[in-house]
Amino acid sequence: MPFEWTVALRFLREGRFQSLLIIGGAAIGVAVVIFITALVNGLQANTIRRVLGTQAHIVIRPTEEVARPQHDAADNRAVLPRVEARAQRLRSIDQWQPLVAMLDDLPGLTGVSPMVSGPGFAVRGDATKAIAVFGVDPQRYDRIVAITERLVQGAFRVQANEAVIGKELAQDLGLAVGDRFRLVTSEGSASVSEAFMVTGIVDLGVRDLNRRSVYIGFRTAQALLSLPGGASQIDLKVTELFGAEELAQDLQARTGLTVESWMRTNEQLLAALRAQTITTTTIRIFVSVIVVLGIASVLVVSVVQKRREIGILRAMGASRGKIQRVFLLQGAVVAVVGSVIGIALALAMVVIFLDVARNADGTPLFELVVTPWLFVGTAIGAIVCGLAAAYAPARRAAALDPAQAIRI
Amino acid sequence: MGTAASPAAPLLELAGLTKHYGTGTEVETKVLHGLDLVLQPGEFTALIGPSGSGKSTLLNVIGLLEPPTGGSYRLLGRETAQLAEAELTRLRGHAIGFVFQFHHLLPAFTATENVLMPSLVAEGPATAPRRAAARELLTAVGLADRLDYLPRKLSGGQQQRVAIARALAMSPQLVLADEPTGNLDTHSADDIFALMRRFNHERGTAFLIVTHDPRLAARCDRIVELVDGRIAADRPNPV
């Protein structure tokens, strides 16, 4: 072994108790950073999955109709300055078929689903419930919101006059698969009422959605909502979750339609996620600083204790650089050993957490996100911290005057 | 080093050497006042003088541990003032061996490892021949059965033997010994002294020994006496 390694390792072994203390400190630091990161990443992934599980990542809608104030042609003065906002009627996206064809070929999208949706009532016997009608193509829509996976009963089949309804709505109307109810809509001039058979009951995980969601066939909905050949919105699912807003803005610029990403419709969620991320980063920084200070203070003491040895080594012809590297290496070795122990500790904490934190039904509360990169990244961070911690003590050791160091 | 002196050239040459501490401050202390001293290769010299006369400082300057304040110091024909820090460090490692009063072994390393340390610094990991040489040296100082002992398991005399073996590990031209027997009983002190004398005869290594013990000084080839930072006497001492 080269001089620096030999002496660094022997110094660490000699000051066994001190070495164990700082290795323990580094290990706990590494474990905390890994565990917190895994916990918060898991929490965020879980939150996002829950919230976005029943939402499209991006929704394309027709531009809203705006009433423009009239201007006098001669002097451009507003003739009627006060303009009442227009009521937004249900409209189709202009030229939606070529748009869907274009989106199908766009990279970065995992689902494209045109939809006709509008308000209506579900009626059975004396009971009437306000609902939202979603006219979809099941194959396409499944890629936006996994209805098939969330079925409590029946199948996601919506041919002519077949409907899949939310769990709470089924309860409210006393419906089961095979039962019939009426759908009433009043788009256009006259209200339309048609009989539907329940083919499936879905639990979307959100009570409000379960209470008012009715999925029917795309064409049936076009007729029911007086939108023949039209589509009122297009839902998109993206691969890059946090790139959704950028893509939405790009699409808006290209199509001139209203394009909204989940990031805009869930601004509060996004803010909460960001706050969480900032909190974890803060915790990580403070843990790192504490570990660095711990390692540094022990190494500073070690330099003082080993003054004489440093002096002897310098008298034997060890250069300042060599002495400096001896102490830098000690910092690095502490970090590496601490990382290995810390990673094992973090894994144990994850296993225990998954065992303790369970839902009432015994399933894990949420998955912790533990990737190899998290370990590699933390270990690299720890080594950088170890070297940073050793830097000042190493400089002091190198700067010792050998003649003085020996005399003591 | 490659600059091995020719037989006639002196080992080291001090001319008008001064050493001040705290230069430029109110408490400037002048420790050495213009010393002239020449040591020949293979000389066995005692450096005596009262406490505070500058013996240790002179030893540090000669050992390249401290730079002189003024004057000239030539070691093996090279003016040390012109050498960079890295060259001084290398020269110190190769040309000079140190034996200190309080042994100053590395407590975390065994006797053999302590002897191997100078070559580990200079040349890297020990090879089999270097290990053999280290064991040979320790055998020569009478520690064949203590090769893998840690310093704290050795007596004071034994530790000083290891220190001598270590000082000789790089076959330096000069060994500087600062009261090498100061901490030992008379019997051990005689042993250590005899050992240094033996290496001086066998290897031709020059020794400069600081000592308070007139009995030991009397057994050196030359006695240099330092008083108040000046050489008060410098006389050959035919044994």
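Residues numbered from 1 in each chain as written. Chains lettered and ligands numbered in written order. Predicted model: local features only at pLDDT ≥ 70, side-chain atom pairs only at ≥ 80, totals over all residues. Heavy atoms only, no water.

## Observations regarding the environment of B:Pro68
Residues and elements named next belong to chain B.
Consideration 1: For Pro68, the position within the fold is in the loop between helix H1 (55-62) and strand E4 (70-75).
Consideration 2: A relative accessible area of 26% places Pro68 in the partly exposed class.
Consideration 3: Once the C-alpha coordinates of Pro68 and Thr57 are considered, the two residues, 11 residues apart in sequence, prove to be 9.5 Å apart.
Consideration 4: Discounting residues that sit within four places of it in the chain, Pro68 has contacts with Leu17, Thr18, Lys19 and Val61. (Helix = DSSP H or I, 4+ residues; strand = E, 2+ residues; numbered from the N terminus. Buried < 20%, exposed > 50% of the residue type's maximum accessible area, 1.4 Å probe, protein only. Contact = heavy atoms within 4.5 Å.)

## A closer look at the nonpolar core
Consideration 1: A:Ile60, A:Leu103, A:Ile165, A:Phe181 and A:Ile234 are the most contacted members of the largest nonpolar core, which has 50 residues in total.
Consideration 2: Sequence-distant contacts of A:Phe181, defined by excluding residues within four places in its chain, comprise A:Ala122, A:Val123, A:Arg124, A:Ala163, A:Ile165, A:Leu175, A:Glu194, A:Ala195, A:Phe196, A:Val198 and A:Val214.
Consideration 3: The next biggest cluster of nonpolar side chains, apart from the first, holds 36 residues, and it includes B:Leu14, B:Val31, B:Leu75 and B:Ile96. (Core = buried A, V, L, I, M, F, W, Y, C linked by side-chain atoms within 4.5 Å.)

## Points about the interface of chain A and chain B
Consideration 1: The interface is formed by 25 residues belonging to chain A together with 23 residues belonging to chain B.
Consideration 2: In total, chain A and chain B occlude about 2,200 Å² of area from one another, counting both sides; carbon and sulfur atoms represent 65% of this.
Consideration 3: Summed over the three residues of chain A that lose the most area to chain B, namely A:Arg10, A:Ile312 and A:Met316, the buried surface amounts to 28% of that side.
Consideration 4: There are three salt bridges connecting chain A and chain B.
Consideration 5: With a closest N to O distance of 2.7 Å, B:Glu113 and A:Arg10 form a salt bridge.
Consideration 6: Across the contact surface, chain A and chain B share seven residue pairs in polar contact (both at pLDDT 80 or more).
Consideration 7: Among the elements of the structure, helix H1 (3-14), helix H11 (307-315), helix H12 (320-356) and helix H14 (402-407) of chain A are those that each provide at least two residues to the side of chain A that touches chain B.
Consideration 8: At six residues, H11(A) tops the list of elements feeding residues into the side of chain A that touches chain B. (Buried area = accessible area lost by both parts, 1.4 Å probe. Salt bridge = Lys/Arg side-chain N within 4 Å of Asp/Glu carboxyl O. Polar contact = N/O pair within 3.5 Å; in protein donor to acceptor, adjacent residues only side chain to side chain.)

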